[in-house]
Amino acid sequence: TRFALGTLSGASASASGPDVSLEDAPLVDRWILTRLHRTVHTVEDAIAGYRFSALADALYDFAWRDYCDWYLEAVKPTVSKDPRQCQVLLSMTDALLRLLHPVMPFVSETLWPHVSACGPRGLDGLILADSEVLATASWPDIACRVDDADADERFGQVQALVSEIRTLRGERNVNPRRSIKLFLPPGAAALVEEAGGVVEVLCGAGELAPSSEAPDDAVAIAFQGEEVLLGGLMDGAERDKERSRLEKVCEQKRKQVGGFEGRLGNPNYVQKAKPELVEETRRLLEQAKADLEAAEAALARLG
């Protein structure tokens with residue numbers, strides 16, 4: 001909340017108004033609204049069933065993982081210059097306080113007047129009626145039409161890519177402030193462009209380039225059947241370490257391929273399992289094969 005208020009105080013927070021549409025908004029804004037919609041339903045179902053541990057889990061997941069870990073970090077570079085994004089930030093903070101109030105009444109009530117003072121909150125499909133005190137404020141009124149399954153899937157892919165790169169940086173003890181360069185194949189490049197700078201910010205990437213321009217010492221990760229290459233991570237002394245890592249990846253992917261092929265080669269499984277489950281197994285097999293091919297190519301390039 002301190003970050004949100006500090007950001008909003010230096011921008012026209014409600015310049016777009018509470019009826020602003022997110023139809024063509026950045027991916028991260030459409031994703032967080034979708035996550036809010038699903039969290040509201042999860043929380044309501046948990047309350048109705050007196051499942052308070054499920055309630056706490058849902059609130060924690062949305063507040064800590066979605067809102068703090070991903071959303072706030074993703075919008076930091078752009079929100080102060082985008083009135084519509086400011087309105088999303090204000091509305092998400094307001095909605096989060098309303099959801100948390102039943103289990104954190106004193107903290108949320110203390111923060112409420114500061115958020116309320118920022119002006120009208122809400123978006124097209126999300127009504128956040130004002131109230132003098134949070135204890136009597138209405139629950140977020142969010143329409144089902146705001147649920148964007150495509151945005152949720154695409155941002156999930158962004159999260160997967162960011163996590164892969166962060167893991168690799170961590171394994172190599174790369175200084176968090178050190179900027180790296182990403183060499184992207186077509187599919188990953190389209191995803192990064194759609195994310196609108198989120199990947200660069202969360203991965204510490206200073207430059208982007210086609211994978212065809214990658215130097216020989218670039219480190220590869222397999223991502224959705226393609227090879228994403230990272231520059232600026234490895235020096236000559238680390239080549240053996242990278243070769244060992246790629247050999248382990250190849251071994252893991254070969255085991256996955258063997259497991260899926262064995263399952264599909266079993267007539268009982270193919271004939272008796274649900275068709276959608278068999279189809280999912282085929283999809284996973286093709287994905288594992290593509291990842292194996294990418295890892296083997298990276299290994300071959302190291303020599």
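Basis of the calculations
Along each chain, numbering runs from 1 in the same order as the chain's sequence is written. At least 70 in pLDDT is required for a residue's local features to be given in this predicted model, at least 80 for side-chain atom pairs to be given and counted, and no such filter applies to totals for whole chains, interfaces and linings, which use all residues. To get the side-chain values, all heavy atoms of the structure are used, and hydrogens and water are removed first. Think of it this way: DSSP has to see at least two bridges between two strands before they count as a pair. For helices the rule is a DSSP run of H or I covering at least 4 residues; for strands it is a run of E covering at least 2, with both sets numbered from the N terminus onward. Orientation is described by axes fitted as lines to C-alpha atoms, over the contacting stretch for helices, and by angles from 0 to 180 degrees between their N-to-C directions. Helix span, expected: 1.5 Å multiplied by one less than the number of residues in the helix. Burial here depends on accessible area, computed with a 1.4 Å probe over protein chains only, as a share of the maximum for the residue type. Under 20% is buried, over 50% is exposed, and the range in between is partly exposed. Taken from the helix axis, the directions to the C-beta atoms give the arc we talk about. Oblique is the label for any angle not under 35 degrees, not over 145, and not in the 65 to 115 range, which are roughly parallel, roughly antiparallel and roughly perpendicular in turn. The contact definition used throughout considers only heavy atoms, calling two residues in contact when any of these lie within 4.5 Å. When residues are sorted by character, Ala, Val, Leu, Ile, Met, Phe, Trp, Tyr, Cys and Pro go into the nonpolar class, Asp, Glu, Lys and Arg into the charged class, and all the rest, Gly among them, into the polar class. Here a polar contact is recorded for every N or O atom pair within 3.5 Å, except that within protein the pair must consist of a potential hydrogen donor and a potential acceptor, and residues adjacent in sequence are included only if both atoms are side-chain atoms. Within this document, salt bridges are pairs made up of a side-chain nitrogen of Lys or Arg and a carboxyl oxygen of Asp or Glu, the two lying within 4 Å of each other. Only rings of Phe, Tyr and Trp enter the pairing, Trp through its six-membered ring, and a pair is recorded when the two centres are within 6.5 Å. The plane angle decides the type: under 30 degrees is stacked, over 60 is edge-to-face, the rest tilted.

## Observations regarding the sheet that holds strand β7 (residues 226-231)
Point 1. Here we have four strands laid out as an open sheet, ordered β5-β4-β7-β6, and mixed in their pairing. For this open sheet the edge positions go to β5 (205-210) and β6 (219-223), each flanked by a neighbour on one side alone. Within the sheet, the average angular offset between the axes of one strand and its neighbour, ignoring direction, is 25°.
Point 2. Sheet analysis places strand β4 (residues 180-184) next to β5, joined by five bridges and oriented parallel.

## Quick look at helix α5 (residues 105-116)
Point 1. Between its first and last C-alpha atoms α5 spans 16 Å; for 12 residues at 1.5 Å apiece the expected length is 16 Å, and the two agree.
Point 2. Listing the buried residues of α5 in full gives Ser108, Trp112, Val115 and Ser116. Projected down its long axis, α5 carries its buried residues within an arc of 80°, all on one side. Every exposed residue of α5 that faces more than 90 degrees away from the buried side is listed here: Phe106 and Thr110.

## Looking at the packing of helix α6 (residues 149-171) against helix α7 (residues 186-195)
Point 1. Close contact between α6 and α7 brings their axes to 10 Å; oriented N to C, the two are set at 110°. The pairing of α6 with α7 is recorded here as roughly perpendicular in orientation. Every residue of α7 that contacts α6 at Arg154, Gln157, Val158 and Leu161 is listed here: Ala190, Leu191, Val192, Glu194 and Ala195.
Point 2. Of the residues belonging to the contact of α6 with α7, the class tally is six nonpolar, one polar and two charged.

## Here's the deal with the packing of helix α2 (residues 27-48) against helix α3 (residues 52-75)
Point 1. Running from N to C, α2 and α3 point in directions that differ by 170°, and their axes come no closer than 9 Å. Taken together, the axes of α2 and α3 are roughly antiparallel relative to one another.
Point 2. When its residues are assigned to classes, the contact of α2 with α3 shows 17 nonpolar, two polar and five charged.

## Points about the sheet that holds strand β2 (residues 126-127)
Point 1. Spatial strand order, β1-β2-β3: three strands in an open sheet with antiparallel pairing. Strand pairing shows two members of the sheet lacking a second neighbour, β1 (122-123) and β3 (141-142), which therefore form its edges.
Point 2. Pairing between β1 and β2: two bridges, direction antiparallel. Bridging from a neighbouring strand, Gly122 pairs with Ile127 of β2.

## Concerning the side chain of Asp66
Point 1. The topology assignment puts Asp66 in helix α3.
Point 2. A polar contact is formed between the side chain of Asp66 and the side chain of Arg35, at a distance of 2.7 Å.
Point 3. A polar contact of 3.0 Å, which involves the side chain of Asp66, links it to the side chain of Arg65.

## Notes on the pattern of salt bridges
Point 1. Going through the model one piece at a time under the given rule, you end up with 21 salt bridges.
Point 2. Among the salt bridges present, the one from Lys181 reaches Glu207, with a minimum N-O distance of 3.6 Å. Taken together, the residues span a long stretch of sequence, with Lys181 in strand β4 and Glu207 in strand β5 at a distance of 26 residues.
Point 3. A salt bridge links Asp291 to Lys253; the nearest nitrogen and oxygen atoms lie 3.4 Å apart. Here Lys253 lies in helix α9 (residues 239-264) and Asp291 lies in helix α11 (residues 275-302), a separation of 38 residues in the sequence. No difference in accessibility class separates Asp291 from Lys253, as the two residues are buried.
Point 4. Several salt bridges converge on common partners, so that one network encompasses Arg35, Asp61, Arg65 and Asp66.

## As for the pairing of β6
Point 1. Buried residues dominate β6, accounting for four of its five residues.
Point 2. Bridging between β6 and β7 involves five bridges; their strand directions are antiparallel. Looking at the pairing, Ile221 lines up with Val228 of β7.
Point 3. Count of turn residues in the β6/β7 antiparallel hairpin: two residues, of which Gln224 carries a positive phi of about 50°.

## Some words on the packing of aromatic side chains
Point 1. Scanning the model with the defined rule gives four aromatic pairs in all.
Point 2. Arranged with centres 6.2 Å apart and planes meeting at 85°, the rings of Tyr50 and Phe52 form a pair that is edge-to-face. Like Tyr50, the residue Phe52 is exposed in the burial classification.
Point 3. Both rings, one in Trp70 and one in Phe155, keep their centres 6.3 Å apart while their planes meet at 85°; by these two values the pair is edge-to-face. You can see Trp70 sitting in helix α3 and its partner Phe155 sitting in helix α6, a full 85 residues away along the chain.
Point 4. A residue is classified by how much of its surface remains accessible, and Trp70, at 9% relative accessible area, is buried.
Point 5. Looking at Phe155, the relative accessible area reads 0%, which means it is buried.

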